[in-house]
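Reading the structure
What follows is each chain in one-letter form.
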Amino acid sequence: MTNKARRSLHEPAVISTAQLAQFFAGLSESGYRIIGPTVRDDVIILDEIAGPTDLPVGWTDRQDAAAYHLERMPNSALFGYVVGPQSWKKYLYPPRLELWQAARNKRAFELKQKQPEPPKLAFVGVRPCELAAIEILDRVLTGGEFSDEYYRRQRENTFIIAVNCTEPGGTCFCASMGTGPRARHGYDIVLTEVVDDSGHRLLVDTGSEAGLSAMSKLTAERASNEIQSRADELLSRAAGRMGRSLDTADLRELLYRNIENVYWDRVGKRCLTCANCTLVCPTCFCFATEDTTDLEAHRARRERRWDSCFTMDFSYIHGGSVRPSAKSRYRQWLTHKLAAWHDQFGSSGCVGCGRCITWCPVGIDITEEVCAIREHDPAQATVTEESNI
Ligand code: SF4
Ligand code: SF4
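Rules of the game
- Residues numbered from 1 in each chain as written.
- Chains lettered and ligands numbered in written order.
- Predicted model: local features only at pLDDT ≥ 70, side-chain atom pairs only at ≥ 80, totals over all residues.
- Heavy atoms only, no water.
- Helix = DSSP H or I, 4+ residues; strand = E, 2+ residues; numbered from the N terminus.
- Contact = heavy atoms within 4.5 Å.
- Areas by Shrake-Rupley, 256 points an atom, 1.4 Å probe, with all protein chains shown as cover.
- Lys, Arg positive; Asp, Glu negative; His and termini not counted.
- Charge placed at Lys NZ, Arg CZ, Asp CG, Glu CD.
- Buried < 20%, exposed > 50% of the residue type's maximum accessible area, 1.4 Å probe, protein only.
- Near = heavy atom within 4 Å.
- Nonpolar A, V, L, I, M, F, W, Y, C, P; charged D, E, K, R; others polar.
- Pairing = 2+ DSSP bridges.
- Axes fitted to C-alpha atoms, helices over the stretch in contact; angles between N-to-C directions.
- Core = buried A, V, L, I, M, F, W, Y, C linked by side-chain atoms within 4.5 Å.
- Domains from an automatic or database assignment.
- Parallel < 35°, antiparallel > 145°, perpendicular 65-115°, else oblique.
- Left-handed = near helix turned anticlockwise from the far one by under 90°.
- Buried area = accessible area lost by both parts, 1.4 Å probe.
- Salt bridge = Lys/Arg side-chain N within 4 Å of Asp/Glu carboxyl O.

Attention now moves to the overall build of the protein chain. Within the protein chain one finds 14 helices and 16 strands. The principal-axis extent of the C-alpha atoms belonging to the protein chain is close to 85 × 65 × 40 Å. Taking all contacts inside the protein chain whose residues are at least 6 apart in sequence as the whole, residues at least 24 apart take part in 72%. As displayed, the protein chain offers around 18,500 Å² of accessible surface, 50% of which is attributable to carbon and sulfur atoms. Positive and negative charge centroids in the protein chain, built from 47 and 51 side chains respectively, lie 4 Å apart.

Attention shifts here to unusual backbone geometry. Omega for the peptide link from G180 to P181 comes to 5 degrees, which places this bond in the cis form. One can find P181 in the loop between α5 (174-177) and β10 (189-196). Of note in the backbone geometry, D42 takes a positive phi value of approximately 65 degrees without being a glycine. Looking at the element boundaries, D42 is found in the loop between β2 (33-40) and β3 (43-48). Overall, the relative accessible area of 61% leaves D42 in the exposed class. A positive phi angle, close to 60 degrees, is found at A297, a residue other than glycine. Along the chain, A297 turns up in the loop between β13 (287-293) and β14 (299-306). A residue is classified by how much of its surface remains accessible, and A297, at 30% relative accessible area, is partly exposed.

With that settled, consider the site of ligand 1. Looking at ligand 1, there are 13 residues lining it, with C281, C350, C353, G354 and C356 nearest. Looking at the shell around ligand 1, the elements that each hand over two or more residues are α11 (326-345) and α12 (355-358). Looking at side-chain class alone, the shell around ligand 1 contains nine nonpolar, two polar and two charged residues.

Right, let's get into the sheet that holds strand β6 (residues 96-105). Reading across from one edge, β7-β6-β14-β13 is the order of the four strands in this open sheet, with antiparallel pairing throughout. The open sheet has two free edges, formed respectively by β7 (108-113) and β13, since each of these has just one partner strand. Within the sheet, the average angular offset between the axes of one strand and its neighbour, ignoring direction, is 25 degrees. With seven bridges joining them, β6 and β14 adopt antiparallel strand pairing. What sits directly across from L97, in β14, is R304.

Moving on, we get to the nonpolar core. By size, the foremost hydrophobic cluster in this structure holds 35 residues, and its most contacted members are W88 and F123. Contributions of two or more residues to this core are made by α2 (89-92), β8 (121-126), α3 (128-142), β9 (158-163) and α11. Ranked by residues supplied to this core, first place goes to α3 with nine residues. Both domains that meet at this core, namely domain 1 (3-239) and domain 2 (251-388), each give it at least three residues. Discounting chain neighbours no more than four positions away, the residues touching F123 are I35, W88, Y91, L92, T158, F159, I160 and I161. Core analysis: the next-biggest nonpolar cluster, separate from the first, contains 31 residues, M177, I364, I366 and V370 among them.

Below, the discussion takes up the packing of α3 against helix α4 (residues 149-156). The N-to-C vectors of α3 and α4 enclose an angle of 140 degrees; their axes lie 9 Å apart at closest approach. Looking at the two axes, α3 sits oblique to α4. Considering how the two elements wind past one another, α3 and α4 form a crossing that is left-handed. Counted together, I134, L137, D138, L141 and T142 of α3 and Y151, R152 and R155 of α4 form the full contact between these two elements.

Bridge count between strand β4 (residues 59-64) and strand β5 (residues 67-72): six bridges; the pairing is antiparallel. Each residue of the ladder has a partner; that of Q63, found in β5, is Y68. Here β4 folds back onto β5, and the loop between the two strands holds two residues, one of which, A66, carries a positive phi near 60 degrees.

Further remarks concern the site of ligand 2. Taken together, 13 residues surround ligand 2, and among them C271, L272, C274, C277 and C360 come closest. Looking at the shell around ligand 2 residue by residue, the classes come out as eleven nonpolar, two polar and no charged.

Another point: the domain arrangement of the protein chain. In terms of domains, the protein chain is made up of domain 1 (3-239) and domain 2 (251-388). The gap between the C-alpha centroids of domain 1 and domain 2 is 27 Å. With 43 residues of domain 1 at the contact, the number on the domain 2 side is 42 residues. Buried area between domain 1 and domain 2, summed over both chains or domains, comes out near 3,700 Å², and the portion from carbon and sulfur atoms is 58%. Considering only the surface of domain 1 that becomes buried against domain 2, K89, Y93 and F173 emerge as the three largest contributors, covering 17% of it. The residue R304 makes a salt bridge to D148 at a minimum N-O spacing of 2.6 Å.

The structure is reproduced here in structure tokens:
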């Protein structure tokens, strides 16, 4: 990770938390709603915030398989935690979206409403793994022959303030997936928070013309070599302190050749098929559409809502579900994420955010499952046996 590899349209600058508040105020004046992390019901969620004081100031999160809690930090860091259960897809690709409404007009139906106009949103605190997830959603939802119009328009209306991760969480493995802990691109501005004996400072890099224009309204100090080195040091340390890791070597081939591995039975016995992992995942995008009418059949509406490959209905075709067991649904999800996604969309479908590990009620851990498949890989056993001859 060198300075040279970073994309910056201006010299890095340093701002204070007071200047960050000014920055937010400038975005609000330009018509943006500010969306950022905030504490609600003992969890860090994403919601509209008025300024930096609404951020989880002085809080950090402790995460492990099926475990999450907040703790007080010894300082007043604004970004001393990682990702919560919600991801930015909540705004870019809403859980429920009305596609249209229709009202009866004599013998025909008249289309009454089109999709809502996406609001101007400024996302605050987008982590590098989440930038990678947004990049994946861009490819999936707008990169092909057909484009998701609501998503495309919301992306155009979104300003992104990313934050580099200096405190990785217990279930994070972005370093293994090549998506963090430093943001490379996909942001308008990116902050690295440094809280030490020299004070509480935010190092700012700019990644777009919109970011440059927004930053030009602040009188920011040019970043010294000292703070840039300190930020580099914090990010290098973070890369070495990930709570989890995943060996991605040969992963696609490993999973394809192990479709019939007996190990899937073991995880299938633990999986509740609750779908939590897909709902928290920042790249899962499956949906269902539902049509409803009023009792008099005068009005009809169609709504799109998130769905999951863990539900029985999702794979229901004539005669029944093609994935009737928990084993078949877990195998489908993991193999799609880490193998078939490469064939479909040209990258892994996992960015290493760790949410599916933290929020799985029975603590199923994608990194452990891959390790187990590796250990039970008959091809690997053959290699080991041959090398022992
Ligand atoms: S599969 Fe799990 S770790 Fe990977 S991006 Fe989805 S939620 Fe995050
Ligand atoms: S792996 Fe965990 S979170 Fe996902 S469906 Fe199974 S029990 Fe639910």
